[in-house]
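Residues per chain are reported as follows:
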Amino acid sequence: DTAVSQTPKYLVTQMGNDKSIKCEQNLGHDTMYWYKQDSKKFLKIMFSYNNKELIINETVPNRFSPKSPDKAHLNLHINSLELGDSAVYFCASSQPLPTDTQYFGPGTRLTVL
Amino acid sequence: GNSVTQMEGPVTLSEEAFLTINCTYTATGYPSLFWYVQYPGEGLQLLLKATKADDKGSNKGFEATYRKETTSFHLEKGSVQVSDSAVYFCALSQRASGSRLTFGEGTQLTVNP
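Computed from a predicted structure; not experimentally measured.

Participant: Help me out: how do you make sense of the packing of aromatic side chains in this one?
Facilitator: Two aromatic rings, taken as a pair, are described by how far apart their centres are and by the angle between their planes. Enumeration according to the criterion identifies twelve aromatic pairs over all chains in this entry. On the numbers, 5.7 Å between centres and 85° between planes, the contact of A:Y35 with B:F103 is edge-to-face. Residue A:Y35 is found in strand 4 (residues 31–37), and its partner B:F103 is found in strand 11 (residues 101–103); the two belong to separate chains. An aromatic cluster is built from A:Y33, A:Y35, A:F90, A:F104, B:F34, B:Y36, B:F89 and B:F103, whose rings are joined through pairwise contacts. Just above the ring of B:Y30 sits the side chain of B:K68; from NZ or CZ to the centre is 4.3 Å.

What follows is the structure in structure tokens.
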């Protein structure tokens, strides 16, 4: 029944490691997003895909690489993790019509030690 | 570019008090406006939305009216409950910007019994 799901919920890892976060939506939406929430709770867009095509790529280090194998999935791979990558990462999905409302996953809390 | 400004928090109220959280925005054209709520340890949930000027969004006793003339979307509730304690985010989106959500800083609300 979960509309937007993410795995894992918590991720603790060492600096320099490579990790992935997975996102799946069962809402039939065409557009998916990744947002980053920093320690002060500020939320900022990272990427967006529409029907597997990248449409938003904010100023994000190229260590971050999104991948969308199909329109229901949008994964985030992070290479060479740094301390500053510690944050909560949220996946979201939406359908442009009628109202562009975005639905969020529960978040993945990444801690880099 | 687009931006959203929320009143600074945190906000602490007693149960049954009246709540206002101010939100103003900067955008060209007519963005869609949203309030999202984040309960402790959880993801973001859509609270209410408005897609055109003078629309009023409402949900769970919360209301906000899209005011084009003052570029505002203030959140109100007549009588808050302890269970309303959460972080509230004002946000906007526009299709011209890939429908990304631009968030305000978030306002932490604590309601005491």
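More follows now that the structure is in view.
Participant: Quick question: what am I supposed to make of the environment of B:P31 here?
Facilitator: Residue and element names in this part refer to chain B. Mapped onto the elements of the fold, P31 is located in the loop between strand 4 (23–26) and strand 5 (32–38). Residues P31 and Y66, 35 residues apart in the sequence, show an inter-C-alpha distance of 10.0 Å. Sequence-distant contacts of P31, that is, excluding residues within four places in its chain, are made with Y25, T51, Y66, L92, S93 and Q94.

Participant: What am I meant to see in the interface of chain A and chain B here?
Facilitator: It is common to give the size of an interface as the accessible area that goes away when the parts come together. The partner chain B presents 23 residues to the 23 residues of chain A that form the contact. Roughly 1,800 Å² is buried in total at the junction of chain A and chain B, and carbon and sulfur atoms are behind 55% of that figure. The tally of links between chain A and chain B comes to one salt bridge. For B:R100, the salt bridge goes to A:E58, with nearest N and O atoms at 2.5 Å. Scanning the region where chain A abuts chain B turns up five residue pairs in polar contact (both at pLDDT 80 or more).

Participant: Got a minute to help me understand the sheet that holds strand 3 (residues 19–21) of chain B in this structure?
Facilitator: Backbone-to-backbone hydrogen bonds join strands into a sheet, with any given pair of strands oriented parallel or antiparallel. Residues and elements named next belong to chain B. Pairing within the open sheet is antiparallel, and its four strands lie in the order 3-9-8-7. Strands at the two margins of the open sheet, each flanked by one partner only, are strand 3 and strand 7 (56–59). Ignoring which end each strand starts from, the neighbouring axes of this sheet average 15° apart. Taken together, the three bridges between strand 3 and strand 9 (residues 75–77) define a ladder with antiparallel strand orientation. Among the inter-strand pairings, T20 is bridged to a residue of strand 9, identified as E76.

Participant: When you look at the environment of A:C23 in this model, what are you seeing that I'm missing?
Facilitator: Residues and elements named next belong to chain A. Checked against the element boundaries, C23 lands in strand 3 (residues 19–25). Along the chain, C23 and F90 lie 67 residues apart, while their C-alpha atoms are 8.9 Å from each other. Apart from residues lying up to four places away in sequence, C23 is in contact with V4, S5, Q6, M32, W34, A72, H73, L74, N75 and C91.

Participant: Would you explain the state of the cysteines in this entry?
Facilitator: Among covalent bonds in proteins, the disulfide is the one between the sulfur atoms of two cysteines. All names here are of chain A. Going through the model one piece at a time under the given rule, you end up with two disulfides over all chains. Covalent S-S linkage joins C23 and C91, the inter-sulfur distance amounting to 1.8 Å. Its S-S torsion of about -75° marks the bond between C23 and C91 as left-handed, since a negative value means left-handed. Here C23, found in strand 3, pairs with C91, found in strand 9 (residues 87–94); they are 68 residues apart in sequence, far enough to count as distant. Neither residue differs from the other here; C23 and C91 are each classed as buried.

Participant: Help me out: how do you make sense of the side chain of B:Q38 in this one?
Facilitator: Within the secondary structure, B:Q38 is located in strand 5. A polar side-chain atom of B:Q38 sits 3.0 Å from a polar atom in the side chain of A:Q37. Non-local contacts of B:Q38, meaning those with residues more than four positions away in its chain, are made with A:Q37, A:K41, A:F90, B:G43, B:L44, B:A86, B:V87 and B:F89.

Reading the values: the criteria
- Throughout this description, residue numbers start from 1 for each chain and increase along the sequence as written.
- Throughout, the order in which chains and ligands are written sets their labels, letters from A for the former and numbers from 1 for the latter.
- For a predicted model such as this one, the threshold for reporting local features is a pLDDT of at least 70, and the threshold for listing and counting side-chain atom pairs is 80 or more; totals across whole chains, interfaces and linings nevertheless cover every residue.
- No hydrogens and no water enter the side-chain calculation; it runs on all heavy atoms of the structure.
- Only Phe, Tyr and Trp rings are paired, with Trp represented by its six-membered ring, and only when their centres lie within 6.5 Å; those with planes under 30 degrees apart are stacked, over 60 edge-to-face, the remainder tilted.
- A run of DSSP states H or I qualifies as a helix once it reaches four residues; a run of E qualifies as a strand once it reaches two. Both are numbered from the N-terminal end.
- As a reminder, the over-ring test applies to NZ of lysine and CZ of arginine, requiring each to be within 6 Å of the ring centre and within 35 degrees of the ring normal.
- It only takes one pair of heavy atoms within 4.5 Å for two residues to be counted as in contact.
- By definition, the buried area sums, over both parts, the 1.4 Å-probe accessible area that each loses when the two are put together.
- Every case where a carboxyl oxygen of Asp or Glu lies within 4 Å of a side-chain nitrogen of Lys or Arg is listed as a salt bridge.
- Polar contacts, as counted here, are pairs of nitrogen or oxygen atoms within 3.5 Å of one another; within protein the pair requires one atom able to donate a hydrogen and one able to accept it, and residues that are adjacent in sequence qualify only if both atoms are side-chain atoms.
- Pairing between strands requires that DSSP locate at least two bridges from one strand to the other.
- The angle between two axes is taken between their N-to-C directions and runs from 0 to 180 degrees, where each axis is a line fitted to C-alpha atoms and a helix contributes only its stretch in contact.
- Only a pair of cysteine sulfur atoms within 2.5 Å qualifies as a disulfide here.
- Buried, partly exposed and exposed residues are distinguished by accessible area as a fraction of the type maximum, computed with a 1.4 Å probe on protein chains only: under 20%, between the cut-offs, and over 50%, respectively.

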